[in-house]
Amino acid sequence: MSQLGVLRLPRTIDFGVLARHTLTLAVTSYGDRALIVVDPFLATTAEFEDAVSRLRDVGVGVEIQSGIEPELPVETLHSAADSAKKFGPDVIVGWGGGSALDAAKLIALLAAHGGTLLEYYGENRVPGPVVPLIAVPTTAGTGSEATPVAVVADSNKALKIGVSSPHLIPSVAIVDPELTIGAPPKVTAYSGIDALVHAVESYTARSLDVNLAETMPVSVGQNRLSDPLSLEAARLIGPALETAVARPGDIEARTAMARGSLLAGMAFGSTGVHLSHAIQYPLGALTHTPHGLGTGMMLPYVMEVCAPVVPDRLAEIGEALGVGADGAEAINRVAEIGERIGLPRKLSEIGIQASDLPQIAELTLESRRLTNIAPLPVDLALIARILEAAFEGDRTLLRS
Ligand SMILES: NC(=O)c1ccc[n+]([C@@H]2O[C@H](COP(=O)([O-])OP(=O)(O)OC[C@H]3O[C@@H](n4cnc5c(N)ncnc54)[C@H](O)[C@@H]3O)[C@@H](O)[C@H]2O)c1
Ligand SMILES: [Fe+2]
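Residues numbered from 1 in each chain as written. Chains lettered and ligands numbered in written order. Predicted model: local features only at pLDDT ≥ 70, side-chain atom pairs only at ≥ 80, totals over all residues. Heavy atoms only, no water.

- Under an unreviewed UniProt entry, the name given to the chain is Iron-containing alcohol dehydrogenase, and the source organism is Tsukamurella soli.
- In the Sequence similarities (unreviewed entry) part of its UniProt record, the chain is described as follows: "Belongs to the iron-containing alcohol dehydrogenase family." (UniProt positions renumbered as here; feature names shortened; annotations may be inferred.)

1. Focus: the confidence of the model for the chain
No. 1: With 100% of its residues at a pLDDT of 70 or more, the chain shows a mean pLDDT of 96.
No. 2: For the chain, strand 5 (residues 122-123) is the element with the lowest average pLDDT, namely 92, and strand 9 (residues 172-175) is the one with the highest, namely 99. (pLDDT = per-residue confidence, 0-100. Helix = DSSP H or I, 4+ residues; strand = E, 2+ residues; numbered from the N terminus.)

2. Topic: the pairing of strand 4 (residues 91-96)
No. 1: Of all the six residues making up strand 4, six are buried; the element is thus mostly covered by neighbouring parts of the structure.
No. 2: Side chains Val91, Val93 and Trp95 of strand 4 all project onto a buried face; the interleaved residues Ile92, Gly94 and Gly96 project onto the opposite face, where all are buried too.
No. 3: As paired elements, strand 2 (residues 33-38) and strand 4 share five bridges and run parallel to each other. In the strand pairing of strand 4, Ala34 is matched with Val91.
No. 4: Across five bridges, the pairing between strand 4 and strand 6 (residues 133-137) is parallel. The residue bridging Gly96 from the neighbouring strand is Pro137, located in strand 6. (Buried < 20%, exposed > 50% of the residue type's maximum accessible area, 1.4 Å probe, protein only. Pairing = 2+ DSSP bridges.)

3. Quick look at helix 9 (residues 291-306)
No. 1: Between the first and last C-alpha of helix 9 there are 21 Å, a value that for 16 residues agrees with the 22 Å anticipated at 1.5 Å per step.
No. 2: Along helix 9, the sharpest change in direction is near 40 degrees and occurs at Leu299; proline Pro300 comes one to four residues later. (Expected span 1.5 Å × (residues − 1). Bend = angle between axes of the 7 residues up to and from the residue.)

4. Observations regarding unusual backbone geometry
No. 1: The backbone phi angle of Asn124 is positive, close to 60 degrees, even though this residue is not glycine.
No. 2: Within the secondary structure, Asn124 sits in the loop between strand 5 and strand 6.
No. 3: On the accessibility criterion, Asn124 (40% relative accessible area) is partly exposed.
No. 4: Notably, His288 is not glycine yet its phi reads approximately 55 degrees, a positive angle.
No. 5: Accessibility expressed as a relative area gives 71% for His288, which makes it exposed.

5. Things to note about helix 8 (residues 275-287)
No. 1: With 13 residues, helix 8 should cover 18 Å at 1.5 Å per step; its first-to-last C-alpha distance of 18 Å lies within 8% of that length.
No. 2: Taken residue by residue, helix 8 has Leu275, Ser276, His277, Ala278, Ile279, Gln280, Tyr281, Pro282, Leu283, Gly284 and Thr287 as its buried positions.
No. 3: Each element contacted by the buried residues of helix 8 is listed here: strand 7 (149-152), helix 5 (185-203), helix 9, helix 12 (357-365), helix 13 (368-371) and helix 14 (380-392).
No. 4: At the exit of helix 8 stands His288, carrying a positive phi of roughly 55 degrees. (Contact = heavy atoms within 4.5 Å.)

6. Focus on the sheet that holds strand 5
No. 1: The strand order across the open sheet built from three strands is 5-8-7, with neighbouring strands paired in mixed fashion. Two strands close off the open sheet at either side, each with one partner strand: strand 5 and strand 7.

7. Some thoughts on the pattern of salt bridges
No. 1: What the rule picks out here adds up to 13 salt bridges.
No. 2: Across the salt bridge formed by Asp227 and Arg313, the nearest N and O atoms sit 2.9 Å from each other. Of this pair, Asp227 sits in helix 6 (residues 227-246) while Arg313 sits in helix 10 (residues 311-320), and the two are 86 residues apart along the sequence. Comparing Asp227 with Arg313 shows no difference in burial state: the two are buried.
No. 3: With a shortest N-O distance of 2.8 Å, Arg247 and Asp250 are connected by a salt bridge.
No. 4: By sharing partners, the salt bridges in this structure join Glu242, Arg333, Glu336 and Arg340 into a single network. (Salt bridge = Lys/Arg side-chain N within 4 Å of Asp/Glu carboxyl O.)

Written out as structure tokens, the structure reads:
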């Protein structure tokens, strides 16, 4: 078994209720000009306004960029970066869900290196450090506060595009579970199940032949240092997600979710994720459904095809989810969580036609960066089988 271990993380992570009050010290450790990237709704919340007043009270010059649009169309990021450059921030703060955090990363990239985002699509194309980033998530979550990834929508491309580089890992992550209390049930459900997908896919990643002295891929595959983080994330998210969706004000459930999604982000940020994510890209583009809805729907099917090749890993996930050291029970439990939080049961329910499946399968294979992390060989036939089973809503089709 590979003994490889790599963690690339923020240099400071502050976690807990009221952790948001560490923002002022974090900002002033970089300077006295802060650009805050936030979505238009969150910019109106009391917690956000309080954070801005605290910064202004100590003399920090604050500019607020609240024009963040869902899905992050690239054009909006280019114009946001132009005004960021004029302001000249010492630090950029992303405050919000994955969309705002990813926008902050990309604005920090463009403000430091110029050009257009097209030049940075893919892995390891960011030439050096970006403007220092502080990430304050309000969903639990994408884990973006700890990852080297940002995702954009380019109208010239069929799929959403990733920009991945260790330089995009925020310098500081401030994770305050109270900030997630206001997240609506669907946002809680989809971003929460995505965090579970991050935990399971990083724990089942393929062992890659990586020579760290020669190359440093963004995703290193199976990883002895991220393994405990992935399992602990599953342990936390398993019982908490349904509660957080059903009772949004339950601070215990919100705290478990915020910690679980952070740990999952810390894990997959170095290890990578695989098939549910590779399939979600074309699925999301075709149906305009949220990222976590797609990854969450696909996960039980992906676990099913992984089961014969990584039985021990799935059994350990079963233990973490409280259903015993049994891979089949782990898959059942993941499917049950999905049902209880309201994920659609089959692809036909989100508007996919049988005739769409071949095209989705082909586009899935374009995400080689992701499919390479799967623990089994991936070809068109495998993706087609997964999609057919998910279309019918019948996992047993994958067992023969
Ligand atoms: N960078 C990464 O590592 C990574 C990982 C997974 C997903 N993503 C990306 O993240 C995006 C999804 O992020 P998301 O699921 O966090 O949602 P989001 O940022 O797109 O926000 C969804 C909606 O929820 C609202 N919202 C968020 N927090 C709230 C709160 N506390 N109270 C009230 N409303 C709140 C927002 O205003 C918005 O309307 C996708 O674009 C996806 O591609 C990135
Ligand atoms: Fe994800």
